[in-house]
Amino acid sequence: MFVLSAFSPRQEFPLIPSGRLRVLVDAPWFTKVITAIILVNAVTLGAETSPELMASYGDVLHLVDRLALTVFVVELALRFGAYGRDFFRDPWNWFDTIVVGVTLLPASGMFSVLRALRVLRVLRLVSVVPSMRRVVSALLTALPGMASITALLALVLYVSSVIATKLFSGVAPGYFGDLGDSLFTLFQVMTGEAWSEVARHVMAEKPFAWIFFVGYLAVTTFTVLNLFIAVAVSAMQTQMAEEHAEHDREEMAATMEILAEVRRLREDVEALRSKA
């Protein structure tokens, strides 16, 4: 027992305290290095799609890819060592773990399709860059509001398709022959793709059909779709306000802590004076 304890791994290789690891992984330079490696890896993954570049620099590109993956695995290990169980309380850490974990799966045989998923590592920029992370968080927050707008848009599309089928199925059966054709055509019109061709084809037989198309575009493209932007912007503003409020609370807490320390020092000084 004495021999084993004398040569225990803990004594030979002391572990780095989690506090030091947390300072390391939270350091700005550490984040910048990871961001640079993600960008380099993105370039190499894009270069691997070129047969000419693969023929000339294939080995180098594969080496850079493996080194980048190794760095990502080490980074996640350091973050887990720094935060312990708290590591999994952050959804972005789950995102990074899944993205890196997918690329660690074997890419041969029936899993050969997973090799194409290596490009998902580029998405780690979202979790590394705070501004991107803020945008994604705002979009996720806005999903309930967007669901209501989507339902409204679907309702407008369905009602308009029924009307268009009844009005234009005889003059434009290729576009409005049945409800399915009308749904697809009006969805295309809503996106602004060649809507004028559809309208002019119908207007050749029914000149007043422009009233329907202009009204439909005004309701969908210029009203309902803009509501998506409004909801997303509102969610981002709310999140920014919450972040500013959290920052103000942290500053207030730090100020109160400093004031409390000053009071304690004043009490100590007064106690020393009374003794003197």
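To keep things clear, this report deals only with the structure shown in the data block. Note that residues are indexed from 1 along each chain, following the sequence as it is written. Local features in a predicted model are, by the rule used here, given only for residues with pLDDT of at least 70; side-chain atom pairs are given and counted only at 80 or more, and totals for whole chains, interfaces and linings are based on all residues. Hydrogens and water are ignored here; the side-chain numbers use all heavy atoms of the structure.

### Digging into the packing of helix 8 (residues 130-141) against helix 13 (residues 210-275)
(1) Moving on: Throughout, an axis means a line fitted to C-alpha atoms (over the contacting stretch in the case of helices), and angles, computed between N-to-C directions, take values from 0 to 180 degrees. Numbering goes from the N terminus for both helices and strands, where a helix is a DSSP run of H or I of at least four residues and a strand is a run of E of at least two. Between helix 8 and helix 13, whose axes approach to 8 Å, the crossing angle comes to 120 degrees. Relative to helix 13, helix 8 is oriented oblique. As for how helix 8 packs across helix 13, the hand of that crossing is right-handed. Contact residues: Arg134, Val135, Ser137, Ala138 and Leu139 in helix 8; Ala232, Ala235, Met236, Gln239, Met240 and Glu243 in helix 13.
(2) Moving on: Each residue receives one of three labels: charged for Asp, Glu, Lys and Arg, nonpolar for Ala, Val, Leu, Ile, Met, Phe, Trp, Tyr, Cys and Pro, and polar for the others, Gly being one of them. The class makeup of the residues in the contact of helix 8 with helix 13 is 7 nonpolar, 2 polar and 2 charged. With respect to orientation, any angle under 35 degrees is reported as roughly parallel, any angle over 145 as roughly antiparallel, any angle of 65 to 115 as roughly perpendicular, and every other angle as oblique. Crossing chirality is assigned from the near helix's rotation relative to the far helix, an anticlockwise turn below a right angle marking it left-handed and a clockwise turn marking it right-handed. Every residue pair with non-hydrogen atoms within 4.5 Å of one another is taken to be in contact.

### Here's the deal with the packing of aromatic side chains
(1) Moving on: A pair of Phe, Tyr and Trp rings is counted when the ring centres sit within 6.5 Å of each other, with Trp represented by its six-membered ring. The angle between the planes then sorts it: under 30 degrees is stacked, over 60 is edge-to-face, the rest tilted. Taken as a whole and assessed by the stated rule, the structure comprises 13 aromatic pairs.
(2) Moving on: Here phenylalanine 212 and phenylalanine 213 contribute two aromatic rings whose centre-to-centre distance is 5.4 Å and whose plane-to-plane angle is 85 degrees, an arrangement assigned as edge-to-face. Residue phenylalanine 212 shares its accessibility class with phenylalanine 213, and that shared class is buried.
(3) Moving on: Feature note: the residues Phe168, Tyr175, Phe176, Phe212, Phe213 and Tyr216 constitute an aromatic cluster, connected by ring pairs.
(4) Moving on: Remark: a charge is flagged as sitting over a ring if the NZ atom of Lys or the CZ atom of Arg is within 6 Å of the ring centre and within 35 degrees of the ring normal. If you follow arginine 124 out to its NZ or CZ, it ends over the ring of phenylalanine 72, 5.1 Å from the centre. The rule is simple: take the accessible area with a 1.4 Å probe, protein chains only, and divide by the maximum for that residue type; under 20% is buried, over 50% is exposed, in between is partly exposed.

### Details of the layout of surface pockets
(1) Moving on: Taken as a whole, the largest pocket spans an internal volume of roughly 420 Å³.
(2) Moving on: What lines the largest pocket is a set of 18 residues, and nearest its centre among them are Arg79, Asp90, Asn93, Ser127 and Arg133.
(3) Moving on: Listing elements by their share of the lining of the largest pocket, those giving two or more residues are helix 4 (28-47), helix 5 (51-83), helix 6 (91-104), helix 7 (124-128) and helix 8. Residues are called lining when one of their atoms sits within 4 Å of a cavity or pocket point, these points coming from a 1 Å grid over the protein atoms alone, where a cavity is a set in which a 1.4 Å probe fits but cannot get out and a pocket is an open set with protein on both sides within 12 Å along at least five of seven lines. Grid points are joined across faces, edges and corners, and a volume is the space filled by probe spheres set on the points.

### Observations regarding helix 6
(1) Moving on: Helix span, expected: 1.5 Å multiplied by one less than the number of residues in the helix. End to end, helix 6 covers 20 Å across 14 residues, agreeing with the expected 20 Å (1.5 Å per residue, within 8%).
(2) Moving on: Of all the positions in helix 6, only Trp92, Asn93, Asp96, Val99, Val100 and Thr103 are classed as buried. Buried positions in helix 6, seen along its axis, are confined to an arc of 130 degrees and lie on one side of it. Residues Pro91 and Ile98 are exposed on helix 6 and point more than 90 degrees away from its buried face.
(3) Moving on: Buried residues along helix 6 sit against helix 5, helix 7 and helix 8.
(4) Moving on: The opening residue of helix 6 is aspartate 90, an N-cap whose side-chain oxygen sits 3.1 Å from the backbone nitrogen of tryptophan 92. Picture the helix axis, draw a direction to every C-beta atom, and the arc is the one those directions span. Identification of polar contacts relies on pairs of N or O atoms within 3.5 Å, with a donor-acceptor requirement for protein atoms, meaning one able to donate a hydrogen and the other able to accept it, and with residues adjacent in sequence counted only if both atoms are side-chain atoms.

### Examining a nonpolar patch on the surface
(1) Moving on: There is a patch of nonpolar side chains on the surface, built from Leu152, Leu155, Tyr158, Val159, Ile163, Leu167, Leu179 and Leu227 and spanning about 660 Å² of accessible area.
(2) Moving on: In terms of residue count, the dominant contributor to the nonpolar patch is helix 9 (residues 143-168) (6 residues).
(3) Moving on: Of note, leucine 179 is situated in helix 11 (residues 179-191). To count toward a patch, a residue needs a relative accessible area over 30% and no salt bridge; like charges are then connected within 9 Å, while nonpolar side chains (Val, Leu, Ile, Met, Phe, Trp, Tyr) are connected within 5 Å. The Shrake-Rupley method, run with a 1.4 Å probe sphere, supplies the accessible areas, and residue values consider only the shown protein chains as cover. A pairing counts as a salt bridge when a side-chain nitrogen of Lys or Arg comes within 4 Å of a carboxyl oxygen of Asp or Glu.

### Quick word on the pattern of salt bridges
(1) Moving on: For the structure on display, the rule yields 5 salt bridges.
(2) Moving on: We note a salt bridge from arginine 124 to glutamate 75, for which the minimum N-O separation is 2.8 Å. On the criterion of sequence distance, the pair formed by arginine 124 in helix 7 and glutamate 75 in helix 5 is long-range, its members being 49 residues apart.
(3) Moving on: The class of arginine 124 is buried, set by a relative accessible area of 0%.
(4) Moving on: Using a relative accessible area of 3% as the deciding quantity, one classes glutamate 75 as buried.

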